[in-house]
Amino acid sequence: MPKPFKTLDDMGDIAGKAVLVREDLNVPMAEGSVTDDTRLRAAVPTLLELAERGAKVLILAHFGRPKGLKSPELSLSLVTRGLSQLLGRQVQFIPDCQGEAAAAGIAVMRAGDIAILENTRFHAGEEKNDPALSKAMAALGDLYVNDAFSAAHRAHSSTEGIAHLLPAFAGRSMEKELDALEAALGNPDRPVAAVVGGAKVSTKLAVLEHLVEKVDHLIIGGGMANTFLAARGVDVGKSLCEHDLVETANGIFERAEAAGCTIHLPYDVAVAKDFAANPPSYRICNVNEVAADEMILDVGPAAVEALADVLKTCCTLVWNGPLGAFEIPPFDRATVALAKIAAALTAEGSLVSVAGGGDTVAALNHAGAADDFTFVSTAGGAFLEWMEGKQLPGVAALMGK
Ligand code: ADP
Ligand code: MG
């Protein structure tokens, strides 16, 4: 099937052309060094391919939240060395992303050179998607590539405005992410299961409402399961629970029923009296046996076994949010066990598994399961908006070009 967007395969001969590439270089730093280079590594395939095909590669990216003001501690020059090391070649730095200084720096680049242009957010127009800034950036290049899915939920000049002014293509990381998301929720093999966990219903309401319409099995874990249990009349004791959202939870039960989606809630749970590692009060009990002074902190082992049986009947899985307070042992057990089962089913070839979310990625890494998932998105906010069924402006701008 042809893709609804153009990729690097559709660019033709780009030797000598100036290609503006939106990447996500917004990496965490400490004492002048990059502390997690995941995002830089994701940029490498597209940058190397364009350079090897003889383009002048001009990277557009934001860094932190300078709010339209130049601030030296948020200069992308700080990231240049780390990216050079990963690429195994020199990366130049150009001190603006628009205007004469940028044009002068680009004019002396040779085919195959790679340069980072200064933080797009040093211009107030970036976050306003100001057409003047989009135009000034577009003037520096012949072609535009968006390789930053994680920034695509924002309609900014460098992610959206510029895509309408130059021939626009998806980079390799963007392409991989869009393909994986399409396979998981766009046009998935059925049955489809979704795992939604995490702390609160309130932060994931839109996700739950979208998923009940899309999936065959909705597995609810984490703190948010307590609100659904309360809606079913379960006394959840001292557990994290949004009692004011019980009506909302009932609405989700109704929509699921109408859509033919089965909601799975735990029927046994791990509880404790205090939120601490290996507390003496730890025990496994039926959901109907939680004492007034106990908190539900994880899904129980019997429920995990039942959920594993559900996954065995499914072809596709999307996962956001841990099943329990996985940072604190032993409340990582259900998340680790179910993640391992999903990883094994994926390795066997019976399941397509896509996961995302900050704590979810950490939990899957902790379980040693991330490498066997079909795709793990590190996109955070953009991944959640996609789980909510929203059109991401930076992706929409690439469609049908
Ligand atoms: P993500 O970052 O992957 O989107 P969330 O931020 O929504 O995930 O949820 C992760 C948080 O949910 C973790 O900090 C975890 O401790 C918490 N959590 C999970 N289950 C429970 C529970 N039963 N009680 C309290 N907190 C929980
Ligand atoms: Mg989180």
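In what follows, the structure referred to is the one given above.
Residues numbered from 1 in each chain as written. Chains lettered and ligands numbered in written order. Predicted model: local features only at pLDDT ≥ 70, side-chain atom pairs only at ≥ 80, totals over all residues. Heavy atoms only, no water.

(A) Inspection of the nonpolar core at higher detail. If you look at the biggest cluster of nonpolar residues, it comprises 77 residues, and the most contacted ones within it are Phe-149 and Leu-218. Residues Val-19, Ala-43, Leu-74 and Leu-87 belong to the second largest nonpolar core, which totals 30 residues. (Core = buried A, V, L, I, M, F, W, Y, C linked by side-chain atoms within 4.5 Å. Buried < 20%, exposed > 50% of the residue type's maximum accessible area, 1.4 Å probe, protein only.)

(B) Here's a closer look at the layout of surface pockets. Each pocket or cavity is described by its volume, and for the largest pocket that value is around 760 Å³. Taken together, 28 residues make up the lining of the largest pocket; nearest its centre are Thr-38, Ala-42, Phe-375, Val-376 and Thr-378. Of all the secondary-structure elements, those providing two or more residues to the lining of the largest pocket are α1 (38-52), α6 (172-186), α12 (358-366) and β17 (375-377). Counting residues per element, the lining of the largest pocket draws most heavily on α1, at six residues. Its residues placed into classes, the lining of the largest pocket shows 12 nonpolar, seven polar and nine charged. (1 Å grid on protein atoms, 1.4 Å probe; cavity = no way out; pocket = protein on both sides within 12 Å on 5 of 7 lines; lining within 4 Å. Points joined across faces, edges and corners; volume = space filled by probe spheres on them. Helix = DSSP H or I, 4+ residues; strand = E, 2+ residues; numbered from the N terminus. Nonpolar A, V, L, I, M, F, W, Y, C, P; charged D, E, K, R; others polar.)

(C) Up close: the state of the cysteines. Under the counting rule described, the total for this entry stands at zero disulfides. In this model Cys-261 remains outside any disulfide bridge; the closest cysteine sulfur is found in Cys-314, 11 Å from its own. Not part of a disulfide, Cys-315 finds its nearest cysteine sulfur in Cys-314, a span of 7.3 Å. Residue class for Cys-315 comes out partly exposed when judged on its relative accessible area of 28%. (Disulfide = S-S within 2.5 Å.)

(D) Broad picture of the sheet that holds strand β4 (residues 56-60). One open sheet holds the six strands; their spatial order is β5-β6-β4-β1-β7-β8, and the pairing between them is parallel. Two strands lie at the open edges of the sheet, namely β5 (91-94) and β8 (168-170), each paired on one side alone. In this sheet, neighbouring strand axes are inclined to one another by 30° on average, regardless of whether the strands run parallel or antiparallel. With five bridges connecting them, strand β1 (residues 18-22) and β4 associate as parallel partners. Within the sheet, the bridge partner assigned to Ala-18 lies in β4 and is Lys-56. (Pairing = 2+ DSSP bridges. Axes fitted to C-alpha atoms, helices over the stretch in contact; angles between N-to-C directions.)

(E) Local environment of the site of ligand 1. Lining the immediate surroundings of ligand 1 are 17 residues, of which Gly-198, Lys-204, Glu-327, Asp-359 and Thr-360 lie closest. Contacts to ligand 1 include Ala-199, whose backbone N or O atom sits 3.1 Å from an oxygen atom. The contact in question runs from a nitrogen atom of ligand 1 to an N or O atom on the backbone of Gly-324, over 3.5 Å. Starting from 580 Å² of accessible surface for ligand 1 in isolation, the protein chains cover 83%. Going through the elements one at a time, α8 (222-231), β14 (295-299) and α12 are the ones with two or more residues in the shell around ligand 1. Ranked by residue count, the leading element in the shell around ligand 1 is α12, at three residues. (Near = heavy atom within 4 Å. Polar contact = N/O pair within 3.5 Å; in protein donor to acceptor, adjacent residues only side chain to side chain. Areas by Shrake-Rupley, 256 points an atom, 1.4 Å probe, with all protein chains shown as cover.)

(F) Local environment of unusual backbone geometry. In this structure, the amide linkage connecting Arg-190 to the following residue, Pro-191, adopts the cis form with an omega of 0°. With an omega dihedral of 5°, the bond running from Pro-329 to Pro-330 counts as a cis peptide bond. For Pro-330, the location among the structural elements is in the loop between β15 (316-320) and α11 (333-348). Residue Glu-31 is not a glycine yet carries a positive backbone phi of 50°.

(G) Examining the pattern of salt bridges more closely. By the definition in use, this model includes 19 salt bridges. Glu-388 is the partner of Lys-390 in a salt bridge, and the nearest nitrogen-oxygen pair spans 3.1 Å. By relative accessible area, which is 44% here, Lys-390 ends up partly exposed. (Salt bridge = Lys/Arg side-chain N within 4 Å of Asp/Glu carboxyl O.)

(H) Focus on the pairing of strand β10 (residues 217-220). Neither face of β10 is exposed, since His-217 and Ile-219 on one face and Leu-218 and Ile-220 on the opposite face are all buried. Taken together, the four bridges between strand β9 (residues 192-196) and β10 define a ladder with parallel strand orientation. Counted as the bridge partner of Val-195 is Ile-219 from β10. Regarding the hand of the β-α-β motif, the stretch spanning β9, helix α7 (residues 205-214) and β10 is right-handed. The pairing of β10 with strand β11 (residues 262-264) spans three bridges and is classified as parallel. By the bridge assignment for β11, Leu-218 is matched with Ile-263. (Right-handed = clockwise from strand over helix to strand, strands pointing away.)

(I) Quick look at the packing of aromatic side chains. This structure, assessed with the given rule, holds four aromatic pairs. Judged by centre distance (5.5 Å) and plane angle (90°), the ring pair of Phe-228 and Phe-253 falls under edge-to-face. Of this pair, Phe-228 sits in helix α8 while Phe-253 is found in helix α9 (residues 246-259), placing the two residues 25 residues apart along the sequence. Since its relative accessible area comes to 11%, Phe-253 is described here as buried. Across from the ring centre of Phe-253, 3.7 Å away, lies the NZ or CZ of Arg-232, which sits over that ring. (Phe/Tyr/Trp six-rings, centres within 6.5 Å; stacked < 30°, edge-to-face > 60°. Lys NZ or Arg CZ within 6 Å of the ring centre and 35° of its normal.)

(J) Structural context of the sheet that holds β15. Read across the open sheet, the six strands follow the order β11-β10-β9-β15-β16-β17; overall the sheet is parallel. One side of each edge strand has no neighbouring strand; the edge strands of this open sheet are β11 and β17. Pairwise comparison of adjacent strand axes, ignoring direction, gives a mean angle of 15° for this sheet. Relative to strand β16 (residues 352-356), β15 is paired through four bridges, and the arrangement is parallel. If you follow Thr-316 over to β16, its bridge partner there is Val-352.

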